[in-house]
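Read off the chains here:
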Protein chains: 2
Amino acid sequence: MRRVMETLRSTKNGKNCGGPKVYQNEKSCGGSKVYQFVEALRSTKLCCNPGLQKSDIRPFVVEGQQVGLVKSEVFKQLLKYPEVFCIRDCEQTKQGVVELNPAFRDYNERTEQLEKVLRNLRLEGLFPALQGWRDEYFEVKSEHRALLKMERAATPLFGVRKYGVDINGYVRHPTQGLCIWLQQRSNTKETWPGKWDNMVGGGLSVGFGIKETAIKEAAEEASIPSDLVKNLVSAGCVSFYFESRQGLFPNTEYVFDLELPVDFVPHNADGEVQAFELLPAKECVERVFTPDFKTTSAPVVIDFLIRHGHITADDVLDFTQIVELLHVPLQSLYTYKTRLELVQKQKQQQKKLTGNEDTNCNCDCLQSTKPTENGYKNGP
Amino acid sequence: MRRVMETLRSTKNGKNCGGPKVYQNEKSCGGSKVYQFVEALRSTKLCCNPGLQKSDIRPFVVEGQQVGLVKSEVFKQLLKYPEVFCIRDCEQTKQGVVELNPAFRDYNERTEQLEKVLRNLRLEGLFPALQGWRDEYFEVKSEHRALLKMERAATPLFGVRKYGVDINGYVRHPTQGLCIWLQQRSNTKETWPGKWDNMVGGGLSVGFGIKETAIKEAAEEASIPSDLVKNLVSAGCVSFYFESRQGLFPNTEYVFDLELPVDFVPHNADGEVQAFELLPAKECVERVFTPDFKTTSAPVVIDFLIRHGHITADDVLDFTQIVELLHVPLQSLYTYKTRLELVQKQKQQQKKLTGNEDTNCNCDCLQSTKPTENGYKNGP
């Protein structure tokens, strides 16, 4: 998070302030602010394919499926738990792999074994991410199957894809045009205390649907009554990736739009919000790029302004790049199984042609029927 | 185009028809149809990074900027024109490069020299794409600077990014809910004759703005009067990539939404449309996946249905993947200059450390002040 924030700040120091080359119509859309956003996104984009480009990031594999990304500083610690993790080089995909012991029988055993390690790591105090321990679980899935649940604070260490919901609460004001409700986060929140944020937002937790989460958060954070929340419109999602001292953040936010009556004023019910403010769209773009705004919520606002015609391709020449950067193909970071299968297929074809068997590879993590032959100690 | 079409057809043969694993709520959103779409997109996605992954596709460089992608079958023909193209291997980026002679002085000279080659290639009849010659120009730009213009039919041979506009004309019907106007293309059109398509669409041509093009096309194709077209809302863009016998298609469509009165009926003014039909959203999803629909217009309809809450994350489990696939990061295919600069920077740093100069590379296409030293014959 810090890196994105620093980039946003540095671009605001005048180095990359756009100008007529980039903006045809700066006044109408907060052009230079949008350009700063492109620069910020570009910098995060540079590390968009860590699993493929950086040798110090390894796929995290559970039940033969890649569900995460593990940096070297984390896998060095995981080496201490050979009964839980198998860390090795796969000669087929030419890549190091961190695999959860496939001898674990089910969801519960995987969850418990992983949690034991996480609690140890927390006690050792090596990872700042684990100091934010919440006793709140995040479900780790692959191909729509739940594999285990993981303490939410640990997800950045394992580079697990995280999902959240956001509601753009807006008003068609008779004199000010399109206006957007923003919340100011409580000073006591664990993350981004005191920062400005979307009207309503929250992470997806175990057992809750997507729209269900949005409705729940709308009631808790902004006291939106049921007769208004029924107008909630699902409007897509934004995906982005960044790294920080806390770990890796491959995030997707499901976005909802909610048109509100001019006279409705949200008020908080759960103590997580200290203020709400209604801002005209133009001022909203400005606010999003102050250091007072939660960086990771900016893509949701930019996406809203694009979908509602307040940032247009005629106004901002980097428009297509902005739209592409709001939808980083995170799925491309989790392709270990596909690549392994491809290599295996190629080898089989080669074998057919030459009649020889290639015995160079010690990687058989897809053959999880033989876990004890795979360098693991026996499961617990 | 054929490949996407074939994939769409093959997925419709029942092989990949979804089912309860993938769809929570198939009836409400045309689930299996959407799944077919994911499969079709996935197949195009496989060749999403041709410039980086496939050795037979080379960057096309003009004035030091990558503006296109050239397949081996094309660059073999371009070798016959050494006064116009420099085709060589860049040892720095480990990649073959096709460069337009940097000795050409300006926009007009570049345009004329390229066109001479294209007219020759057309006469030779080697490329089906050139049989659709239209005498209509497409402007080739880089970093917002126009470099040359190219016959529209030739753009797939050079893998130039193409841009178009599309208008989703829709009605909030009192009994049928959200309905969408579709057009049936004239049987005499050069491309996709007789197919169903978005209400209004067209390519961006030299000298026209994006919204300007949308308004022009709205009048020509559907006779939308000015008092209605003033409600046009810019709503983002979709980007996709595919290959066919015609060449490479890295396409971006700028999308506009236009709400129309229930009693308005579009009618064609330029002979390019043979019929219009108003379809409820649900039927629209079905129509999009029949062979009667123009494949490359499907992403625009899917994007519209997502933004308006008719395809939601709770209904379709592949939702995030669909959204990511509607916004393929085409910019990542045009990074030759960035990569070259990166390698050069690394070499400079290495030189500082070792005191030695690396003389292995013959690639100096960024030093366009010395074109005659670069293996080119003299400019015309």
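Report follows, based on the coordinates. (Residues numbered from 1 in each chain as written. Chains lettered and ligands numbered in written order. Predicted model: local features only at pLDDT ≥ 70, side-chain atom pairs only at ≥ 80, totals over all residues. Heavy atoms only, no water.)

## Topic: unusual backbone geometry
With a phi angle near 50°, W192 of chain A is a residue other than glycine that sits in the positive phi range. Judged by its relative accessible area of 13%, W192 of chain A falls in the buried class. Residue D135 of chain B is not a glycine yet carries a positive backbone phi of 55°. Mapped onto the elements of the fold, D135 of chain B is located in the loop between α6 (107–124) and β5 (137–142). (Buried < 20%, exposed > 50% of the residue type's maximum accessible area, 1.4 Å probe, protein only. Helix = DSSP H or I, 4+ residues; strand = E, 2+ residues; numbered from the N terminus.)

## Quick notes on the pattern of salt bridges
All names here are of chain B. Under the counting rule described, the total for this entry stands at 34 salt bridges over all chains. Notably, a salt bridge pairs D257 with R307, separated by 2.7 Å at the nearest N-O pair. Within this pair, whereas D257 is found in strand β12 (residues 247–259), its partner R307 is found in helix α10 (residues 298–307), the two being separated by 50 residues in sequence. By relative accessible area, which is 8% here, R307 ends up buried. Residues D303 and R307 are paired through a salt bridge, measuring 2.9 Å at the closest nitrogen-oxygen approach. Of this pair, D303 and R307 both sit in helix α10, 4 residues apart, which is roughly one turn of that helix. (Salt bridge = Lys/Arg side-chain N within 4 Å of Asp/Glu carboxyl O.)

## What to know about the interface of chain A and chain B
In this assembly, 37 residues from chain A lie in contact with 38 residues from chain B. Summed over both sides, the interface between chain A and chain B buries roughly 2900 Å², with carbon and sulfur atoms accounting for 59% of that surface. Looking only at chain A, the three residues that lose the most surface to chain B are H144, E324 and Q331 of chain A, adding up to 23% of its buried area. Along the contact surface separating chain A from chain B lie 2 salt bridges. In this structure, the salt-bridge partner of R161 of chain A is E324 of chain B, at a minimum N-O distance of 2.8 Å. Summed over the shared surface of chain A and chain B, the number is 13 residue pairs in polar contact (both at pLDDT 80 or more). Its residues assigned to classes, the side of chain A that touches chain B shows 16 nonpolar, 13 polar and 8 charged. (Contact = heavy atoms within 4.5 Å. Buried area = accessible area lost by both parts, 1.4 Å probe. Polar contact = N/O pair within 3.5 Å; in protein donor to acceptor, adjacent residues only side chain to side chain. Nonpolar A, V, L, I, M, F, W, Y, C, P; charged D, E, K, R; others polar.)

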